[in-house]
Amino acid sequence: MERPPLLTALARRVRRFGPRYVAAEAGLRAARRVGERMEDAMLQIEGERGVFGPAHRAWRDNSAGENRERWNRWDWSKLGEEWTASEEWKQALVDEVLLPTIPPGGTVVEIGPGGGRWSVILQPRSERLVLVDVAQRPLDLVAERLAGAENVEYVLTAGSALAGVPDASVDAVWSFDVFVHIAPGDQAGYLSEIARVLKPGAIAAIHHADGRNRGLAPSRAGWRAPMTAALFGTLARERGLGVERVIRSFGDGQHALGGFGDAITVLRRPA
């Protein structure tokens, strides 16, 4: 009877390094799993209390550099629609969240346009659309999709700066499926920039994580950055932005924000 591949690989490792090495390696993997669970517990407690504490400050994954490399190398053949749950889900999100929240006309900033699945909706509604990304490849893709549109500007950012966008010049900010992959410190940096560029009374709608390991899949499986609605609200208010509402479902509750239990926080700069 043929031995299973896992046992064959284990036997090969024992022959090469010895049983003590293999036992130590297994113990290290187990310790890492325990460490991740403890870290997630600390993140969840800080998030529930709305505190930007040591666990969030120590988070080193989801950096701007990692995002740049990941999204420059991503297979964009589906233009980001691989993250669309269904056409009904997307249409409900557009009809009940995007269109009522982002006013027509004026200057709109979209952070992380990806393949342009929201940009193509925002562009004809905006007097000026500024697309900001840490990776050049998504900006090039959207430029191809919006070829000929004279009201679109493309900004490559080094991190969380909205470079070249003047103070108090923006009517609305939109970002979806982006902040869920941005480190907490960089999310705070973006919120500082959003507070800077919004006009008095202007609005922002930002999709972000709302806790660890909620929904259908574990957070680490989706390369997701830690955040909660409570903590996001704290970071926003510290920067002078008001939390207008938090959206977790739409379409009369039929549609939710993915398999990870996310939220959209709608912010407004006080008039």
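In this convention, every chain numbers its residues from 1, walking through the sequence in written order. Per-residue local features of the predicted model are confined to residues with pLDDT of at least 70, and side-chain atom pairs are confined, for both listing and counting, to 80 or more; whole-chain, interface and lining totals are unaffected and use all residues. Processing note: side-chain calculations cover all non-hydrogen atoms of the structure and skip hydrogens and water entirely.

### Thoughts on the packing of aromatic side chains
Part 1 of the argument: Here a Phe, Tyr or Trp ring, Trp counted by its six-membered ring, pairs with any other such ring whose centre lies within 6.5 Å, and the pair is stacked when the planes are under 30 degrees apart, edge-to-face when over 60, and tilted otherwise. Applying the stated criterion across every chain yields a total of 13 aromatic pairs.
Part 2 of the argument: With 6.0 Å between their ring centres and 65° between their planes, W89 and F176 make a pair best called edge-to-face. With a gap of 87 residues between them, W89 in helix 5 (residues 87-101) and F176 in the loop between strand 4 (170-175) and helix 8 (184-197) connect regions that are remote in the sequence. Neither W89 nor F176 differs from the other in exposure class; each is buried.
Part 3 of the argument: With centroids separated by 6.2 Å and ring planes inclined at 75°, the aromatic side chains of F179 and F232 adopt a geometry described as edge-to-face. With F179 in the loop between strand 4 and helix 8 and F232 in helix 9 (residues 229-238), this pair connects stretches of sequence that are 53 residues apart. Each member of the pair, F179 as well as F232, carries the same accessibility label: buried.
Part 4 of the argument: In textbook terms, an aromatic cluster arises when at least three aromatic residues are bridged by ring pairs, as seen for W89, W118, W174, F176 and F250. Note on conventions: DSSP H or I runs of at least 4 residues are helices, E runs of at least 2 residues are strands, and numbering of each starts at the N terminus. The classification of residues rests on relative accessible area computed with a 1.4 Å probe and restricted to protein chains. Under 20% of the type maximum is buried, over 50% is exposed, and intermediate values are partly exposed.

### What to know about unusual backbone geometry
Glycine aside, a negative phi is what most residues show, and trans is what most peptide bonds show.
Part 1 of the argument: Look at W223: it is not a glycine, yet its phi comes out positive at around 50°.
Part 2 of the argument: Tracing the backbone shows W223 in the loop between strand 5 (198-208) and helix 9.
Part 3 of the argument: With relative accessibility at 12%, the residue W223 sits in the buried group.
Part 4 of the argument: The phi angle at D252 is positive, at roughly 55°, despite the residue not being glycine.
Part 5 of the argument: Residue placement: D252 occurs in the loop between strand 7 (249-250) and strand 8 (255-256).

### Brief notes about the nonpolar core
Side chains of nonpolar character tend, in soluble globular proteins, to be buried together.
Part 1 of the argument: Put simply, buried Ala, Val, Leu, Ile, Met, Phe, Trp, Tyr and Cys residues joined by side-chain atoms within 4.5 Å make one nonpolar core. Among the nonpolar cores identified, the biggest contains 32 residues, and I111, V173, F179, L191, I194, L198 and L241 are the most heavily contacted of them.
Part 2 of the argument: Among the elements of the structure, strand 1 (107-111), strand 2 (128-133), strand 4, helix 8, strand 5 and helix 9 are those that each provide at least two residues to this core.
Part 3 of the argument: Among the elements that take part in this core, helix 8 stands out by supplying six residues, more than any other.
Part 4 of the argument: Any pair of residues with heavy atoms lying within 4.5 Å of one another is described as a contacting pair. Look past the residues within four positions of I111 in its chain and what remains in contact with it is V132, L162, V173, W174, S175, V178, F179, Y190 and I194.
Part 5 of the argument: Counting 27 residues, the second-largest nonpolar core is a separate cluster that includes W89, L129, V142 and I247.

### Quick look at the packing of helix 1 (residues 5-17) against helix 2 (residues 19-49)
Part 1 of the argument: Contact geometry of helix 1 with helix 2 gives a least axis separation of 7 Å together with a crossing angle of 120°. One element, helix 1, and the other, helix 2, form an angle in the oblique class. From helix 1, L10, R13, V14 and F17 reach across to helix 2, where they touch P19, Y21, V22 and E25.
Part 2 of the argument: Amino acids are sorted into nonpolar (Ala, Val, Leu, Ile, Met, Phe, Trp, Tyr, Cys and Pro), charged (Asp, Glu, Lys and Arg) and polar (every other residue, Gly among them). Of the residues contributing to the contact of helix 1 with helix 2, the split by class is six nonpolar, no polar and two charged. Note on method: axes are straight lines fitted to C-alpha atoms, helices fitted across the in-contact stretch only, with angles between N-to-C directions ranging 0 to 180 degrees. An angle below 35 degrees is treated as roughly parallel, one above 145 as roughly antiparallel, one from 65 to 115 as roughly perpendicular, and anything else as oblique.

### Concerning the environment of S169
Part 1 of the argument: The topology assignment puts S169 in the loop between strand 3 (152-156) and strand 4.
Part 2 of the argument: A relative accessible area of 14% means that S169 is categorised as buried.
Part 3 of the argument: Each C-alpha atom of the pair S169 and L198 lies 6.0 Å from the other, and the pair is 29 residues apart in sequence.
Part 4 of the argument: Those residues in contact with S169 that lie beyond four places of it in its chain are T107, V197 and K199.

### Some remarks on helix 4 (residues 64-73)
Part 1 of the argument: Inspection of helix 4 places A64, N67 and W71 among the buried residues, and these make up the whole buried set. Taken around the axis of helix 4, the buried residues stretch over an arc of 60°, which confines them to a single face.
Part 2 of the argument: The secondary structure elements touched by the buried residues of helix 4 are helix 7 (136-145) and helix 8. Each C-beta atom gives one direction from the helix axis, and the arc is the one those directions make.

### Remarks on a nonpolar patch on the surface
Part 1 of the argument: A patch consists of residues whose relative accessible area exceeds 30% and which take part in no salt bridge; residues with like charges are grouped when within 9 Å of each other, and nonpolar side chains (Val, Leu, Ile, Met, Phe, Trp, Tyr) when within 5 Å. Accessible surface area values rest on a Shrake-Rupley calculation with a 1.4 Å probe, where residue burial reflects the displayed protein chains alone. By definition, a salt bridge exists where a carboxyl oxygen of Asp or Glu is found within 4 Å of a side-chain nitrogen of Lys or Arg. Residues L7, L10 and V14 make up a contiguous nonpolar surface patch of roughly 220 Å² in combined accessible area.
Part 2 of the argument: Considering the arrangement of structural elements, one finds L7 in helix 1.

### Some thoughts on the sheet that holds strand 6 (residues 242-247)
Part 1 of the argument: Here the rule is simple: two strands pair whenever DSSP picks up at least two bridges between them. Taking strand neighbours across the sheet as the criterion, the seven strands line up as 3-2-1-4-5-9-6 in an open arrangement whose pairing is mixed. Edge strands, defined here as strands with exactly one partner in the open sheet, are strand 3 and strand 6. Across the sheet, the mean angle separating the axes of adjacent strands is 15° when strand polarity is ignored.
Part 2 of the argument: Relative to strand 2, strand 1 is paired through five bridges, and the arrangement is parallel. Paired with V109 across the strands is V130, a residue of strand 2.
Part 3 of the argument: Relative to the sheet, helix 8 contacts strand 1, strand 4, strand 5 and strand 9 (263-268), its axis offset from that of strand 5 by approximately 155°.

### Notes on the environment of P124
Part 1 of the argument: Note that P124 resides in the loop between helix 6 (119-122) and strand 2.
Part 2 of the argument: In this structure, the C-alpha to C-alpha distance between P124 and G105, residues 19 residues apart in sequence, is 8.8 Å.

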